[in-house]
Amino acid sequence: MPSPLTIESPPLLGLDFSSSPSRRKPVVMALGERRGAVVRLTGLERFLTLDAVRERLCGLPAWLGGFDLPFGLPRELVEALGWPGQWPALMDHFCAQSRPGLRAQFQAFMAPRPAGGKFAHRACDGPAGASPSMKWVNPPVAWMMHAGVPLLRAAEATLPGLCEGRPERVALEAYPGLLARELIQRRSYKSDDAARQTPERLIARKDLVEALEQGRSRLGLRLKLSHAQREALVDDASGDSLDAVLCLMQAAWASERPGYGLPAVIDPVEGWIVSA
């Protein structure tokens, strides 16, 4: 009988993250399993605190997860600030600092730079179409890293190319917008603002779910949903549930790719977004 560490399809999860979860904006986890080209959604869970997320990640014996938060910082920024050049020490330094202190350092880095080039970027940002990981507003991805990386480290997860941990818990940086744009282009499908939760966004969510179920992406995977799950994904106008599922699909794609589909060499400061 194969051991739990060598099963063909590891337990999969996708996490839509919030650096300050609440009832209005919880962290959403999608759980699933892959069988061949089919990914079945087995559950959606919501967490109102970061402690609850940490307890869940530490309580699951094994998982391969796609996490919607940056794992690394632009090398240009790290070198300009004189921060450590290896990921564990870099994250120790970054996560130990206050957010106002980090913001001040980011602003000092940006001040002399020309308009349109204020932010430094990682090598993966362009291919993924992702926001720079040093951005602290709209969206506050730097604070997501500040809050989220300690949870992954508490779970002793392995972050391929960055950090060796428990081999049965593997965390990959995911980005739901990458897969969503492939399927519905630039159409907006979500908003946290009730006034902007329009019929057009509802239709976009329906189209996105349909495309996932039909397997129309380059990932070559089809999402399997129950009727109730389909309704739940479409009805969540914030898009948080759907984003968690998009991360789940990226993790499922990585689960049967050599090296999780990541580049052979990953910058140990920047990391990489899976499937970019």
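For the structure, see preceding data.
A quick note: this is a predicted structure, and the numbers were derived from the prediction, not measured.

Draft legend 1. Just helix α4 (residues 99-110), in detail. Here α4 is 12 residues long and its end C-alpha atoms lie 16 Å apart, about the 16 Å a rise of 1.5 Å per residue gives. Every buried residue belonging to α4 is among Leu-102, Phe-106, Phe-109 and Met-110, and all of these are buried. The buried residues of α4 occupy an angular sector of 95° when the element is viewed end-on, so they sit on one face. Opposite the buried face of α4, by more than 90 degrees, sit the exposed residues Pro-100 and Ala-108. The elements touched by buried residues of α4 are α2 (75-81), α3 (87-96) and α6 (141-154).

Draft legend 2. Summary view of the sheet that holds strand β5 (residues 157-158). Reading across from one edge, β5-β6-β4-β1-β2-β3-β7 is the order of the seven strands in this open sheet, with mixed pairing throughout. The open sheet has two edge strands, β5 and β7 (222-224), and neither has a second partner. Pairing analysis gives five bridges linking strand β1 (residues 12-16) to strand β2 (residues 27-35), with the strands arranged antiparallel. Across the sheet, the residue bridging to Leu-12 is Gly-32, located in β2.

Draft legend 3. Quick peek at the nonpolar core. In this structure, Leu-57, Trp-63, Phe-67, Leu-73 and Leu-159 are the most contacted members of the largest nonpolar core, which totals 45 residues. If you list the elements that add at least two residues to this core, you get β1, β2, α1 (50-59), β4 (63-68), α2, α3, α4 and α6. Of all the elements, α6 adds the most residues to this core, at nine residues. Apart from the residues lying within four places of it in its own chain, the contact partners of Leu-57 are Leu-13, Met-29, Trp-63, Phe-67, Leu-151, Leu-152, Ala-155 and Arg-169. Listed in part, the 38 residues of the second largest apolar core include Leu-233, Leu-246, Trp-253 and Ala-254.

Draft legend 4. Molecular detail of the pattern of salt bridges. What the rule picks out here adds up to 18 salt bridges. Here Arg-122 ties to Glu-173 by a salt bridge, and the two come within 2.7 Å at their closest N and O atoms. With Arg-122 in the loop between α4 and α5 (125-128) and Glu-173 in strand β6 (residues 166-173), this pair connects stretches of sequence that are 51 residues apart. In this structure, Arg-122 and Glu-173 share a single accessibility class: buried.

Draft legend 5. Expanded view of unusual backbone geometry. Cis rather than trans, the peptide bond between Asn-138 and Pro-139 has omega equal to -5°. The backbone of Gln-185 sits at a positive phi, close to 60°, despite the residue not being glycine. In this fold, Gln-185 is placed in the loop between α7 (176-184) and α8 (199-214). Phi is positive for Tyr-260, which is not a glycine, with a value near 60°. Residue placement: Tyr-260 occurs in the segment after α10 (240-255).

Draft legend 6. Representation of the side chain of Gln-97. Following the sequence through the fold, Gln-97 ends up in the loop between α3 and α4. At 3.0 Å, the side chain of Gln-97 forms a polar contact with the side chain of His-93. Here Gln-97 is in contact with Trp-83, Leu-102, Gln-105 and His-146, once residues within four sequence places are set aside.

Draft legend 7. Geometry of the pairing of β6. Along β6, six of the eight residues are buried, which leaves the element largely enclosed by surrounding structure. Where β5 lies against β6, two bridges are found, and the strand directions are parallel. Bridge assignment links Ala-157 to a residue of β6, and that residue is Arg-166.

The rules behind these values
- Residues numbered from 1 in each chain as written.
- Predicted model: local features only at pLDDT ≥ 70, side-chain atom pairs only at ≥ 80, totals over all residues.
- Heavy atoms only, no water.
- Helix = DSSP H or I, 4+ residues; strand = E, 2+ residues; numbered from the N terminus.
- Expected span 1.5 Å × (residues − 1).
- Buried < 20%, exposed > 50% of the residue type's maximum accessible area, 1.4 Å probe, protein only.
- Arc of directions from axis to C-beta.
- Contact = heavy atoms within 4.5 Å.
- Pairing = 2+ DSSP bridges.
- Core = buried A, V, L, I, M, F, W, Y, C linked by side-chain atoms within 4.5 Å.
- Salt bridge = Lys/Arg side-chain N within 4 Å of Asp/Glu carboxyl O.
- Polar contact = N/O pair within 3.5 Å; in protein donor to acceptor, adjacent residues only side chain to side chain.

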